[in-house]
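# Residue-level structural notes
The lines below spell out each chain.
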Amino acid sequence: MDSFDREKLAEHNGRDGKKTFVAYDGRVYDLSDSKRWKSGKHMMRHEAGNDLTAELKAAPHGPEVFEKFLPIGEYREDVEERAYPWPLGWVYAKFPIVKRHAHPVAVHFPIAFFMGGFLFVLLFLIIKNPAFEQTAFYLAVLGTATAPFSVLTGLQSWWLYYDLKRTGPILFKIFGALALIVIGATLSVWHYLQPQVLADGGAAMVAFVALYAVTPVLVMTLGYFGGSMSFPD
């Protein structure tokens, strides 16, 4: 088999009609026929022409993804680990899942809480069960409390995988998430100070429901942009 070093491997980055080669664990694989590596990029963060040994440690799959591709060469260069400030380097080494999956895990909590909270608002308006109004309040509090973790882990992913590059989807996710926290905090304080806001009716009830209705729309939009980045066409 051919022998590859960093410079030779980088020549096959899948762009401009070039072959799509990646290295893993000392072997080089030709992924040119893989639809997941269209234009030499996978999941908008992994680029062909590189050694992906370190990155695969934090991936949601193992090296079995290479089983359908025969190795076409050997990679003769040591893997260079990216230097991270303490204690991130220690955390990533001990718990690789934190590096890759912290944001996908954290983001589901505020999504579920705000979506469920607005559902209980609607149930209260229909059934008039006070427990539903109280549940909507608790879910707004939980959504607001968990959203900052989603923002922080999202910023981590932005730094790790996108080098803090400003794009439309990323900027929308940042400011949209901050807006969600503000709205959630407003709903929580409002209901705490006026526990019967839904039961009292009137303009305050309409305004409260309208503001709460923004949260499921916002989290679905944020989820759409996040999904388009993680699973591009």
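Residues numbered from 1 in each chain as written. Predicted model: local features only at pLDDT ≥ 70, side-chain atom pairs only at ≥ 80, totals over all residues. Heavy atoms only, no water.

### Topic: the confidence of the model for the protein chain
Model confidence for the protein chain is summarised by a mean pLDDT of 88, while 93% of its residues fall at 70 or above. Least confident of the elements in the protein chain is helix H2 (residues 53–56), whose mean pLDDT is 76; most confident is helix H5 (residues 108–127), at 97. (pLDDT = per-residue confidence, 0-100. Helix = DSSP H or I, 4+ residues; strand = E, 2+ residues; numbered from the N terminus.)

### Description of the side chain of Ser150
Relative to the assigned elements, Ser150 resides in helix H6 (residues 130–162). For Ser150, a relative accessible area of 9% corresponds to the buried category. (Buried < 20%, exposed > 50% of the residue type's maximum accessible area, 1.4 Å probe, protein only.)

### Focus: the pattern of salt bridges
In this structure the tally under the stated criterion is three salt bridges. A salt bridge links Arg15 to Glu47; its shortest N-O distance comes to 3.9 Å. Separated by 32 residues along the polypeptide, Arg15 in the loop between helix H1 (6–10) and strand S2 (21–24) and Glu47 in strand S5 (residues 46–47) bring together distant segments of the chain. A residue is classified by how much of its surface remains accessible, and Arg15, at 38% relative accessible area, is partly exposed. Residue Lys41 pairs with Glu47 through a salt bridge whose shortest N-O separation is 3.6 Å. With a relative accessible area of 36%, Lys41 lands in the partly exposed category. Owing to a relative accessible area of 33%, Glu47 belongs among the partly exposed residues under this scheme. Connected through shared salt-bridge partners, Arg15, Lys41 and Glu47 make up one network. (Salt bridge = Lys/Arg side-chain N within 4 Å of Asp/Glu carboxyl O.)

### Some remarks on a nonpolar patch on the surface
A cluster of nonpolar side chains, contributed by Trp86, Trp90, Phe95 and Ile97, occupies part of the molecular surface with about 550 Å² of accessible area. On the secondary structure map, Ile97 appears in helix H4 (residues 96–106). (Patch = residues over 30% accessible without salt bridge, like charges linked within 9 Å, V, L, I, M, F, W, Y side chains within 5 Å. Areas by Shrake-Rupley, 256 points an atom, 1.4 Å probe, with all protein chains shown as cover.)

### Some details on the nonpolar core
Among the nonpolar cores identified, the biggest contains 21 residues, and Val121, Leu187, Leu198, Phe208, Val209 and Tyr212 are the most heavily contacted of them. For this core, the secondary structure elements donating two or more residues are H5, H6, helix H7 (168–193), helix H8 (197–200) and helix H9 (202–230). No other element matches the seven residues that H9 contributes to this core. What Phe208 contacts, discounting residues up to four positions off in sequence, is Leu187, Trp190, His191, Val197 and Leu198. Counting residues in each nonpolar core, the second largest holds ten residues, with Tyr24, Leu31, Ala48 and Leu52 among its members. (Core = buried A, V, L, I, M, F, W, Y, C linked by side-chain atoms within 4.5 Å. Contact = heavy atoms within 4.5 Å.)

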